[in-house]
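# A look at the structure
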Amino acid sequence: MRSIISKSVGIVVMAVMVLILGVALGSAQEIKGPIKIIVPYPAGGGSDVLARLIADKLKDSLGQTVIVENKPGAGGRIGTEYAKGQPADGSSMLFVNPALFVVSPMVYSKLSYDPDKDFKPLSQINTYEFVLSVPASSNIKDVKGLIDWMKKNPKQANYGSPAAGSLPHFFGLMISKYAGVEMVHAPYSGSAPLVTALIGAQIPMAVDVFDTHIQHHPDKIRILATAGASRKHPEIPTFKELGYKDIEGVGWNGIVVPFKTPKPVIDKLNQAVVKAIKIPDVTQKIQQMGSDVTGTTAEEFGHILKQDREKWGPIIKASGFKAD
Amino acid sequence: MELLSNLTLGFQTAISPQNLLYCFLGVLIGTLIGVLPGIGPVQTIAILLPATFALPPVSALIMLAGIYYGAQYGGSTTSILVNVPGEASSVVTCLDGYQMALQGRAGAALTIAALGSFVAGCFATLLLAVLAIPLSEVAFKFGPAEYFSLMVFGLIGSIVFASGSVIKAVGMVVLGLILGMVGTDITSGTHRFSFGIPELADGIGFVPLAMGLFGISEIIKSLERREKREILKSKIMGFWMSKKDIRAAAPAVARGTLTGSLLGILPGGGAILASFISYILEKKMSRDPQSFGKGNIRGVAAPESANNAASQTCFVPLLTLGIPSNVILAMMAGAMIIHGIQPGPRVISSNPTLFWGVIVSMWVGNLMLVILNLPLIGIWVKLLSVPYRLLYPAILLFCCIGIYSVNNNTFDIGLTALFGLLGYTFAKLECEPAPLILGFVLGPMMEENLRRGMLLSRGDPSVFFTRPLSLAFLFMALAMLIVIALPAIRQKREDAFHEEGEDG
């Protein structure tokens, strides 16, 4: 009798527990809106345009209002710090890039967030390759010619980048190391003034992202090589095929979520995000911005982060660059 | 002939009913946000950008461009009426515009601002149509040495902003330079004077600084002079300018237009730099520099024409080379990319309707602006009869909204309040904030280019003297220094003479 009672009580308890668990799981997957994508940069910039494209499509697939919230300042660090304190229930996502998640942790002695302890990767959205270019008026025709020229004119071996502490800055140092020439870095305040200076031959060469240079190639700027795994442009070789095996430089945009966001929620959001960027219309627009759509899983994105740190870490450390 | 057929194509595009409508919408929104202090074209275009994705690219660009140059039109209104710059590039307009309003000539000031902008807009449009491609080459001639020397010229020129003591003006320039140091150093990438406050890592914002020093401090000042208000009200005269005004303003408009058109092409400074430099030139060329800052109509006409011309010629590098010269144009480049048009040298040949349509729409838009704005002047001037107790809290509210919307950050509002108090202190000490603003704008650009020049030459300073354009700017700066020094010497002798006379 007693055993029957205890058994039935046990069954009821179990049933209730299963029910609670079920409800808990169900509610965890049901993401409460409105969902916000935090962009730590001003409205209208590259990341913002990308985030708005995705937000627009997420609305349909998640059935929730999805808004883009711009929290610009301090190169994205203000928005990132803000995002780490947001609810970890799938209602907040953060747009990030290598500057925030790879470079900053290495160059700031005090950083207000920890990429690994405050966030979890959700998905890498797209990648963009770096390029090495010279003015179209230059006599230098290829990478080898450039290295020879630098060896003969070491005092003029200056390269421009869009910003100090940016990945193109360190990519330049990577080239410098392989070329065996000490190249002096001249940072500009963004791609636009850099491109202007390069076209006007104010600097002999520049390292930047593919997109900003290809529109001037070959009339005003000559891209000597792209830094991806395969050719980005049918007529421009990659560093790899030229024999510089280890020279590879790729930037990216990705989405992360606050650390405590549950796994099922991450999976659900990942599916929705990947689905959104694979819509042909969206893919085409991202490609028009000169980048390639990736749309990785959360695990793959985590792996990319790790790889990037291993790859850039030694170069950044060797450069002695410190931001504070 | 080719130009004619191109312009015809442009007109066909620009005056289609749909594009006319979007052009009108653009300039209307632009005027409104220009009038509202703090809320600028950057935020507005950013917000409206997604909405334009659904439009055809030509209409989208026509509207966005309309917002941009429309804001330069509207920005002068609050500068003149209440000394609150509606737009960053209207800061200079405060100097003489507000003084004119105090003298009851607000109508004339607003009229010349609108007409000057119109003339400048028309000229710049024509320039864009005829010379866009050769003009785009100008920017390439500017290396770090040229920029540095141009900034030196600008800084020395900034002394003329002082209508009082030269020493105080120098002090204010230096203070501006110091404030400009705050933030991330472009050359090394490290933080300077940010005291661990992340909000200061990008430096002090131009909007909080200008808004605080001019707008907020003016509101604080108004608390102590309730009665003067009546004088202002009773003295509001006709809205039209007198013949004497027209004679004085017309050449100033022409000079402002030229200065603005040229400086607009350079990346970075654009409209702000254009308005400052044109004011400097105007004052330097005047036979009566003492009257500047005291309600000289030329001090309104020149910078207002310059900022409008610059806001149009800055499209040259974008449309011909795909290089955006400021944040707003970068957003427009983004809008073009979204529509599948890669901004760059190929736009003219691959999308002639877009290129010529946008250019002609600027002329159409300028016409609309002048038609829209002239009747509004009457209404704006009437705004002055709204009691301060209602007007100023409203302005404060709009300032706060505008400043918050720049970075979505409350820190900037606190910063504005701080600069407001500082501005009030300056007013009490009779120190003028305009040289400070110019030092703040030019200082970081000067430092950046000096250090870049030195980096590229590996520490050899001769680059600044061996490049002809750079040398020319340095010579002009030297000449200006002499011109500034001469009257000061003369003044001293005169003072001495006066004192002797009084004693004797």
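Keep in mind that what you see is a predicted model, and the values were worked out from it rather than measured. (Residues numbered from 1 in each chain as written. Chains lettered and ligands numbered in written order. Predicted model: local features only at pLDDT ≥ 70, side-chain atom pairs only at ≥ 80, totals over all residues.)

### Digging into the overall build of chain A
Note the cut-off: We count a stretch as a helix when DSSP gives it H or I for four or more residues in a row; a strand needs E for two or more, and each element gets its number in order from the N terminus. For the exposure call, what matters is how many other C-beta atoms sit within 10 Å of a residue's own: 20 or more marks it buried, 12 or fewer exposed, and in between partly exposed, using C-beta atoms placed from the backbone. The contact criterion used is a C-beta to C-beta distance within 7 Å, with each C-beta placed from the backbone.
Counting secondary structure elements, chain A contains 11 helices and 10 strands. Each of the three principal axes of chain A carries a C-alpha extent, and together these read 100 × 40 × 35 Å. Out of the 324 residues belonging to chain A, those deemed buried represent 49%. At a minimum sequence separation of 6, the contacts of chain A that also span at least 24 residues come to 76%.

### Observations regarding unusual backbone geometry
A cis amide bond links His217 of chain A with the next residue in sequence, Pro218 of chain A, at an omega value of 0°. Position of Pro218 of chain A relative to the elements: it lies in the loop between helix H8 (210–214) and strand E8 (221–226). Notably, Asn83 of chain B is not glycine yet its phi reads approximately 65°, a positive angle. Residue placement: Asn83 of chain B occurs in the loop between helix H4 (57–82) and helix H5 (91–102). For Asn83 of chain B, a count of 22 C-beta atoms within 10 Å gives the class buried.

### Side note on the interface of chain B and chain A
Put simply, the rule is: Gly is put with the polar residues, along with every residue not named as nonpolar or charged; the nonpolar set is Ala, Val, Leu, Ile, Met, Phe, Trp, Tyr, Cys and Pro, and the charged set is Asp, Glu, Lys and Arg.
Each side of the interface is counted separately: chain B has 42 residues, and chain A has 41 residues. At the level of secondary structure, the elements contributing two or more residues to the side of chain B that touches chain A comprise helix H3 (41–52), helix H15 (327–338) and helix H20 (433–456) of chain B. The dominant element in the side of chain B that touches chain A, judged by the number of residues it contributes, is H3 of chain B, at five residues. Residue composition of the side of chain B that touches chain A, grouped by class: 20 nonpolar, 16 polar and six charged.

### Overview of helix H2 (residues 17–35) of chain B
Owing to its 3.6 residues per turn, the α-helix brings residues three or four apart onto one side. Heads up, the condition is: In a helix, the anticipated span is given by 1.5 Å times the number of residues less one.
Look at H2 of chain B: 27 Å from first C-alpha to last across 19 residues, which is about the 27 Å you get at 1.5 Å a residue. Of the positions making up H2 of chain B, those classed as buried are Asn19, Tyr22, Cys23, Gly26, Val27, Ile29, Gly30, Thr31, Ile33, Gly34 and Val35 of chain B.

### Topic: the pairing of strand E4 (residues 119–135) of chain A
Regular strands show a simple pattern: their side chains alternate between the two faces of the sheet. Residues and elements named next belong to chain A. Stated formally: Here, any two strands with at least 2 DSSP bridges between them count as paired.
E4 sits mainly inside the fold: 16 of its 17 residues count as buried. Pairing of E4 with strand E9 (residues 250–258), which is carried by nine bridges, proceeds in the antiparallel orientation. Residue Asn126 lies in a different strand from E9, and its bridge partner there is Asn253. In the sheet, E4 pairs with strand E10 (residues 292–293) via two bridges, with the strands oriented antiparallel. Bridge pairing in E10 places Asn126 opposite Val293. Pairing analysis gives five bridges linking E4 to E8, with the strands arranged antiparallel. What sits directly across from Pro135, in E8, is Ile221.

### A few points about the packing of helix H8 (residues 166–181) of chain B against H20 of chain B
All names here are of chain B. Selection rule: Interaxial angle, 0 to 180 degrees, is taken between N-to-C directions of lines fitted to C-alpha atoms, where a helix line uses only the stretch in contact. Orientation is classified from the angle alone, with under 35 degrees giving roughly parallel, over 145 giving roughly antiparallel, 65 to 115 giving roughly perpendicular, and any other angle giving oblique. We call a crossing left-handed when the near helix sits turned anticlockwise from the far one by less than a right angle, and right-handed when that turn is clockwise.
One can describe the packing of H8 onto H20 by two numbers: an axis separation of 7 Å at closest approach and a directional angle of 40°. Between H8 and H20, the angle is such that the two are oblique. Crossing geometry of H8 relative to H20 is assigned as right-handed. Judged by residue contacts, Ala169, Met172, Val173, Val174, Leu175, Gly176, Leu177, Leu179 and Gly180 of H8 engage Pro433, Pro435, Leu436, Ile437, Leu438, Gly439, Phe440, Gly443 and Pro444 from H20. The residue makeup of the contact of H8 with H20, split by class, is 14 nonpolar, four polar and no charged.

### As for the confidence of the model for chain B
Residue and element names in this part refer to chain B. Inclusion rule: Every residue is assigned a pLDDT by the predictor, reflecting its confidence on a scale from 0 to 100.
Of all residues in chain B, 90% attain a pLDDT of 70 or more, and the chain-wide mean is 81. Mean pLDDT per element in chain B: helix H10 (residues 228–234) is the minimum at 48, and helix H19 (residues 411–429) is the maximum at 92. Confidence drops under pLDDT 50 across residues 499–504; counting only partners more than four residues distant or on other chains, this segment forms zero contacts. Both confidence scores are given for the complex: pTM 0.79, ipTM 0.77.

### Quick word on the packing of helix H18 (residues 388–407) of chain B against H19 of chain B
Residues and elements named next belong to chain B. At a minimum axis separation of 8 Å, H18 and H19 run at an interaxial angle of 130°. On the basis of their axis angle, the class for H18 and H19 is oblique. Crossing angle aside, the handedness with which H18 passes H19 is right-handed. Residues Cys399, Cys400, Ile403, Tyr404, Val406 and Asn407 of H18 form the contact with H19, whose participating residues are Asp412, Ile413 and Thr416.

### Examining the nonpolar core
We count it as follows: What we call a nonpolar core is a set of buried Ala, Val, Leu, Ile, Met, Phe, Trp, Tyr and Cys residues whose membership is set by joining through C-beta atoms within 7 Å. What fixes the domain bounds is an automatic or database domain assignment.
Within the largest apolar cluster, 240 residues are counted, with the highest numbers of intra-cluster contacts made by Leu61, Leu64, Ala109, Ile112 and Met332 of chain B. At 16 residues, helix H6 (residues 106–136) of chain B tops the list of elements feeding residues into this core. Each of domain 1 (33–127 + 251–319) and domain 2 (129–226) of chain A gives at least three residues to this core. Contact partners of Leu61 of chain B, with chain neighbours within four places excluded, come to Met332, Ala335, Met336, Leu354 and Val358 of chain B.

### Describing the pairing of strand E6 (residues 184–187) of chain A
Residues and elements named next belong to chain A. Threshold: Here, the term right-handed applies to a crossover whose path from the first strand over the helix to the second runs clockwise when the strands point away from the viewer.
In this structure, strand E5 (residues 158–161) lies alongside E6, joined through four bridges in parallel fashion. Each residue of the ladder has a partner; that of Gly160, found in E6, is Ala186. Handedness of the β-α-β unit built from E5, helix H6 (residues 167–179) and E6 comes out right-handed.

### Regarding H20 of chain B
All names here are of chain B. To keep things clear, this is the line we draw: A residue's bend is the angle separating two fitted axes: one through the seven residues that end there, the other through the seven that start there.
A rise of 1.5 Å per residue sets the reference length of H20, with its 24 residues, at 34 Å; its end C-alpha atoms lie 35 Å apart and thus fit the reference within 8%. At Leu442, H20 is deflected by roughly 30°, the largest bend along its length, and proline Pro444 occurs up to four residues later in sequence. Counting buried residues along H20, 20 of its 24 residues qualify, which places the element largely inside the surrounding structure. Once H20 ends, the next one or two residues include Arg458, with phi positive near 55°.

### Focus: the environment of Leu266 of chain B
By secondary structure assignment, the location of Leu266 of chain B is in the loop between helix H11 (243–265) and helix H12 (270–285). With residues up to four places along the chain from it excluded, the contact list for Leu266 of chain B reads Ala139 and Phe142 of chain B.

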